[in-house]
Amino acid sequence: MSYPPARHRTLVLSGSLRTGSVTGRIARAALDRGHLGHEVVLAADLDQLPLFNEDLDTDPAPAAVAALRAQVATANSVLVLSPVHNASVSAALKNALDWLSRPRDASPLAGKPVTGLVIGYHSHGAEDHLEAILRAVGAHPNPAPIPVLGLRGLDPQRAAHDHRITAALAQALDALALALALGEARPVPLASDIGAASAGEIR
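Residues numbered from 1 in each chain as written. Predicted model: local features only at pLDDT ≥ 70, side-chain atom pairs only at ≥ 80, totals over all residues. Heavy atoms only, no water.

**Some thoughts on helix H1 (residues 22–30)**
In an α-helix, one turn spans 3.6 residues; hence positions three or four apart end up facing the same way.
Okay, step 1: Among the 9 residues in H1, 7 count as buried, and that is most of the element.
Okay, step 2: Those residues of H1 lying buried are Val22, Thr23, Gly24, Ile26, Ala27, Ala29 and Ala30.
Okay, step 3: Buried residues along H1 sit in contact with strand E1 (8–14), strand E2 (38–42), strand E3 (77–83), strand E4 (113–120), strand E6 (148–150) and helix H5 (163–182). (Buried < 20%, exposed > 50% of the residue type's maximum accessible area, 1.4 Å probe, protein only. Helix = DSSP H or I, 4+ residues; strand = E, 2+ residues; numbered from the N terminus. Contact = heavy atoms within 4.5 Å.)

Shown next, in the form of structure tokens:
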């Protein structure tokens, strides 16, 4: 895999607020996939963001909102991870993406290469919701389907280091690097749904 000569920074957004969550562990494991020429950094926790309210969408923006927007603006691409919450993405992630969709004509996500990973025992279609949201907020998601990282049979404490999870992270980051190198999001094969089985969610 060849990477662009300039440093490529990918910002990782974790949609789980729970301390020690599997999603958070996988987000931190993504940092280990960085290398010279491709920096992978973790976004600030989303629990400091207020609930989206247009009355609060002022200039200047609330401090936590401004900080997250600045992190996204200085990244070349974004990797979004979400647990499955009641058949959709987490409320914390949706709230963050709502804030990042503004200012309406100057969203830091506008046109930016983005891909996602959905994490849980069964997705219930959350991956489709995530893709629809990413398109709605103006991002440029990888056209390949968003993978579901199924957790059935995995030790939650070690899932982030399972070879199937690390392979999916590597493929997602490769897709973002290629999108940047090509100057556009292009279909890149990603891991297919991994181990998705019976219903249930990791929160």
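The discussion continues.
**Some words on the packing of H1 against H5**
Okay, step 1: Where H1 contacts H5, the two axes come as close as 10 Å, and the packing angle between them is 55°. As judged from the angle between their axes, H1 and H5 are oblique. The element H1 and its partner H5 pack so that their crossing is right-handed. For the pair H1 and H5, the contacting residues are Ile26, Ala29 and Ala30 in the first and Ile165, Leu169 and Leu173 in the second. (Axes fitted to C-alpha atoms, helices over the stretch in contact; angles between N-to-C directions. Parallel < 35°, antiparallel > 145°, perpendicular 65-115°, else oblique. Left-handed = near helix turned anticlockwise from the far one by under 90°.)

**Thoughts on the nonpolar core**
The tendency in soluble globular proteins is for nonpolar side chains to be buried as a group.
Okay, step 1: By size, the foremost hydrophobic cluster in this structure holds 29 residues, and its most contacted members are Leu13, Leu68, Val80, Leu97, Leu109 and Leu130.
Okay, step 2: The set of elements that each furnish at least two residues to this core consists of E1, helix H2 (63–73), E3, helix H3 (91–100), E4 and helix H4 (126–136).
Okay, step 3: Counting residues per element, this core draws most heavily on H3, which supplies 5 residues.
Okay, step 4: Contact partners of Leu13, with chain neighbours within four places excluded, come to Ala43, Leu46, Leu68, Val78, Leu79, Val80, Leu81 and Leu100.
Okay, step 5: Counting residues in each nonpolar core, the second largest holds 22 residues, with Leu79, Leu149, Leu154 and Ile165 among its members. (Core = buried A, V, L, I, M, F, W, Y, C linked by side-chain atoms within 4.5 Å.)

**Thoughts on the packing of H3 against H4**
Okay, step 1: Across the interface, H3 lies against H4 with an axial gap of 10 Å and an inter-helix angle of 15°. It follows from the interaxial angle that H3 and H4 lie roughly parallel. Considering the relative orientation of H3 and H4, their crossing is right-handed. Facing H3, whose interface residues are Leu93, Lys94 and Leu97, H4 presents Leu130, Ile133 and Leu134.
Okay, step 2: Per-class residue counts for the contact of H3 with H4 are 5 nonpolar, no polar and 1 charged. (Nonpolar A, V, L, I, M, F, W, Y, C, P; charged D, E, K, R; others polar.)

**As for H4**
Okay, step 1: Every buried residue of H4 is accounted for by Ala126, Glu127, Leu130, Glu131, Ile133 and Leu134. In an axial view of H4, the angular spread of the buried residues amounts to 165°, which keeps them on one side of the axis.
Okay, step 2: Those residues of H4 hidden inside the fold are in contact with E3, H3, E4, strand E5 (140–141) and E6.
Okay, step 3: Phi turns positive, to about 95°, at Gly138, one or two residues after H4. (Arc of directions from axis to C-beta.)

These results come straight from atomic positions and should not be treated as a statement about function.
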